Amino acid sequence: MKSPLILFLFLASLNVFSQDLILSGKIIDANTTETIPFANIRTQKKGAGTVSNEHGEFELHLPQSANKDTLIVSCIGYNYLTVPISS
């Protein structure tokens, strides 16, 4: 098992359109800076989630009420990472 944590980058941070939050970003290895394809990204409370593409990029649409939730990023071979969502 790789010991470094997954590094989580917000490319477009939080974008607010009408009543929805759109989270987008890229998942990369903290040591090698290589992208991590097909990582799981989900919210802790709402249970909404997505998977990063082959380039480690993702986009997650959430209701406005999710701005006090926490993202959980995980991938086989890496430790999981939690990131608080805030407006």
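Residues numbered from 1 in each chain as written. Predicted model: local features only at pLDDT ≥ 70, side-chain atom pairs only at ≥ 80, totals over all residues. Heavy atoms only, no water.

A. Looking closely at the overall build of the protein. When helices and strands are counted, the protein shows 0 helices and 7 strands. Reading the helices (α) and strands (β) of the protein from amino to carboxyl end gives β-β-β-β-β-β-β. Put simply, the protein has 87 residues, and 37% of those count as buried. Counting only contacts in the protein whose residues sit at least 6 apart along the sequence, the fraction spanning at least 24 positions is 47%. As presented, the protein carries roughly 5100 Å² of accessible surface, and 53% of it is formed by carbon and sulfur atoms. (Helix = DSSP H or I, 4+ residues; strand = E, 2+ residues; numbered from the N terminus. Buried < 20%, exposed > 50% of the residue type's maximum accessible area, 1.4 Å probe, protein only. Contact = heavy atoms within 4.5 Å. Areas by Shrake-Rupley, 256 points an atom, 1.4 Å probe, with all protein chains shown as cover.)

B. Representation of the nonpolar core. Grouped together as the largest cluster of nonpolar side chains are 17 residues, with contacts concentrated most on Leu23, Ile27, Ile36, Ile41, Leu60, Leu62 and Leu71. For this core, the elements supplying multiple residues, two or more each, are β2 (20-29), β5 (57-63), β6 (70-74) and β7 (81-84). (Core = buried A, V, L, I, M, F, W, Y, C linked by side-chain atoms within 4.5 Å.)

C. Up close: the side chain of Asp29. Considering the arrangement of structural elements, one finds Asp29 in strand β2. Judged by its relative accessible area of 4%, Asp29 falls in the buried class. There is a polar contact of 2.9 Å between the side chain of Asp29 and the side chain of Tyr78. (Polar contact = N/O pair within 3.5 Å; in protein donor to acceptor, adjacent residues only side chain to side chain.)

D. Broad picture of the environment of Ile22. Here Ile22 lies in strand β2. Relative accessible area serves as the criterion here: at 13%, Ile22 is assigned to the buried category. Here the alpha-carbon distance between Ile22 and His61, two residues 39 residues apart in the chain, equals 4.6 Å.

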